[in-house]
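Examination of the molecular architecture
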Amino acid sequence: MNVAGGGGGRLESDDLVQDREIEDGRGDRLAHGHIAGQLHHLVCSVPTPTNIAVWGPWGSGKSGVANLLRGELARDRGVRFVRFDAFKYAENPLRRNFIIAVATALGIGDRKYHEDLYSGQVTARIEFGGGALLRLLWTYARMFAVIASASMLVVAVLAWVRSGPFQQTFIDMVTDVLKAGLAPAALLTSLTVLVSRTLTREHKTDAADSDEQFERLFSSLVEQSKVKRLVVFVDELDRCAPSDVVATLDALRTFLGVERCVFIVAADQQVLEEALTRALQQATPADTVNPYYSSGSGYLDKVFPYQISLPPLLVGRVTSFAAGLVRGRDGVWAKVDVDLIVSILIPSHVRSPRRVKALLNAFVLTYRLAEQRAADGLLETDPSSRAEEIARLVCLRVEFPLFARDLLLDHRLCEHVVRYADDAEAELDGFVSADVKEAAKAYARAQASVDVHLTAADERARRTVRRPARITDASW
């Protein structure tokens, strides 16, 4: 099925790899089912409350592990699974949103876990103190006796004065009096309402604000849910800004001690440790004798007694994973040597499944663009014969974007880097500008990270006027 464009180079349904979380074991290419199984056993066996950390770099499949664990727990009676996106609520009142999210997931619509979290609540009830009810009834009885006695006396006198039989006259007049008594009854009803309003006491409960209030509220929610064990999976924490990471952990700490709860926090351990270490260094002086206790790692070990790390993807495993995603597909992948393209496209430092998918999709989009340009006569050769070059270009653009930009200075920059790596004093062929030579030597020396060299290249670009790059077929 064609999904975009017209003419050559249009995307097809098999071209792109969807970056979706795995929902069950059928899509588990990384064997994360083993991690989910271990988590399942741990969650159901440890005493509550407890906290578990699942460590893995960004894009390593932690959210997929959450889905697999949810499937495992669905078979356990009395156990409920709730997933909370920390990144989504990082800049919002997190504790309120946390309680709302958990209540919604548990199907509990009580106002105190939703609207009242922001505005508080006002309750009214009638209070009778010290025999007030008996005094009220005695007052009613006396009032009724007085009114009834007076009415009967007046009716009797009027019946005696009027002509005719006394008994019949008395009965007729009592009937009229009872009908006329509707108005006094209404007045008595109003009096009752007035009395009830007088005895009513309004009680206003402010919205939860302190740690203790939120903890009690969450405990009440867990109690109302009637679960035996509540598993809360906190995801996307490592996507938050460093300051939000510390604030989010601090906010979640409010709920970590609630009975029947198991909290699982999935994140990049290095991101959390660095953010926490900076915060701890600002709050307390560093302990040079025992630096562990003034570091983020010490904080995390205290909060998370159980820690599980996702196994890293080795180089060969990453390549196999990438090839397995596209092998057997139609579209672009049916036109190229999958194993060869993947070996070029995926550099050895890539370990993230999400990054692998980004590289595969970038290759497809660039390849399709090259097809469109070839169809319009802007390229002289068929892209299918230059798929390897496209893969190299995409790898540079995605993984080394600054180097790819420097490549526009001179399309032979890669050759120059190799020459200088072999001989720092080598003479380059043809005209090569001083900027290009300086950049090539910096890359060849490799005395600093690529980003450092390329930052220096930015400074060179601001100090000099670049001569136009040579336009080649590689400039796609």
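For the structure given in this document, a descriptive report is provided here. (Residues numbered from 1 in each chain as written. Predicted model: local features only at pLDDT ≥ 70, side-chain atom pairs only at ≥ 80, totals over all residues. Heavy atoms only, no water.)

Quick look at a negative patch on the surface
On the surface, a cluster of negative charge is contributed by Asp422, Asp423, Glu425 and Glu427. The topology assignment puts Asp422 in helix α17 (residues 413-422). Residue classification places Asp422 among the exposed positions, given a relative accessible area of 67%. (Patch = residues over 30% accessible without salt bridge, like charges linked within 9 Å, V, L, I, M, F, W, Y side chains within 5 Å. Areas by Shrake-Rupley, 256 points an atom, 1.4 Å probe, with all protein chains shown as cover. Salt bridge = Lys/Arg side-chain N within 4 Å of Asp/Glu carboxyl O. Lys, Arg positive; Asp, Glu negative; His and termini not counted. Charge placed at Lys NZ, Arg CZ, Asp CG, Glu CD. Helix = DSSP H or I, 4+ residues; strand = E, 2+ residues; numbered from the N terminus. Buried < 20%, exposed > 50% of the residue type's maximum accessible area, 1.4 Å probe, protein only.)

What to know about the sheet that holds strand β1 (residues 50-55)
Spatially, the five strands line up as an open sheet ordered β2-β5-β6-β1-β7, and their pairing is parallel. Across the chains shown, the open sheet's two edge strands, defined by having one partner strand only, are β2 (79-85) and β7 (306-309). Averaged over all neighbouring strand pairs, the angle between strand axes comes to 20 degrees, with direction disregarded. As judged from the four bridges shared by β1 and β7, these two strands associate in the parallel manner. Bridged to Ile52 within β7 is Tyr306. (Pairing = 2+ DSSP bridges. Axes fitted to C-alpha atoms, helices over the stretch in contact; angles between N-to-C directions.)

A few points about the packing of helix α13 (residues 338-345) against helix α14 (residues 353-375)
Across the interface, α13 lies against α14 with an axial gap of 11 Å and an inter-helix angle of 115 degrees. Looking at the two axes, α13 sits roughly perpendicular to α14. Considering the relative orientation of α13 and α14, their crossing is right-handed. Residue-level contacts link Ile341, Val342 and Leu345 of α13 to Leu359, Leu360 and Phe363 of α14. A breakdown of the residues in the contact of α13 with α14 according to their chemical character gives six nonpolar, no polar and no charged. (Parallel < 35°, antiparallel > 145°, perpendicular 65-115°, else oblique. Left-handed = near helix turned anticlockwise from the far one by under 90°. Contact = heavy atoms within 4.5 Å. Nonpolar A, V, L, I, M, F, W, Y, C, P; charged D, E, K, R; others polar.)

Section: the packing of α14 against helix α15 (residues 387-399)
Put simply, α14 and α15 touch, their axes get as near as 9 Å, and they point 130 degrees apart. Between α14 and α15, the crossing angle belongs to the class labelled oblique. For the crossing formed where α14 meets α15, the hand is right-handed. Contact with α14, carried on its side by Arg355, Leu359, Ala362, Phe363, Thr366, Tyr367 and Ala370, involves Ala387, Ile390, Ala391, Val394, Cys395, Arg397, Val398 and Glu399 of α15 and no other residues of that element. Tallied by class, the residues present in the contact of α14 with α15 amount to 11 nonpolar, one polar and three charged.

Details of the pattern of salt bridges
For the structure on display, the rule yields 17 salt bridges. Note that Arg83 and Asp235 form a salt bridge whose closest N and O atoms lie 3.0 Å from each other. One end of the pair, Arg83, is in strand β2; the other, Asp235, is in strand β5 (residues 229-235), with 152 residues separating them in the sequence. With a closest N to O distance of 2.2 Å, Asp211 and Arg95 form a salt bridge. Here the residue Asp211 occupies a position in helix α8 (residues 211-225), and Arg95 occupies one in helix α3 (residues 94-106), the gap between them amounting to 116 residues. When salt bridges with common partners are traced through the structure, they connect Glu12, Asp15, Lys335, Arg368 and Glu371 into a single cluster.

Here we look at α14
For α14, spanning 23 residues, the distance from its first C-alpha to its last is 33 Å, which sits close to the expected 33 Å at 1.5 Å a residue. The first or second residue beyond α14 is Gly377, which carries a positive phi of 80 degrees. (Expected span 1.5 Å × (residues − 1).)

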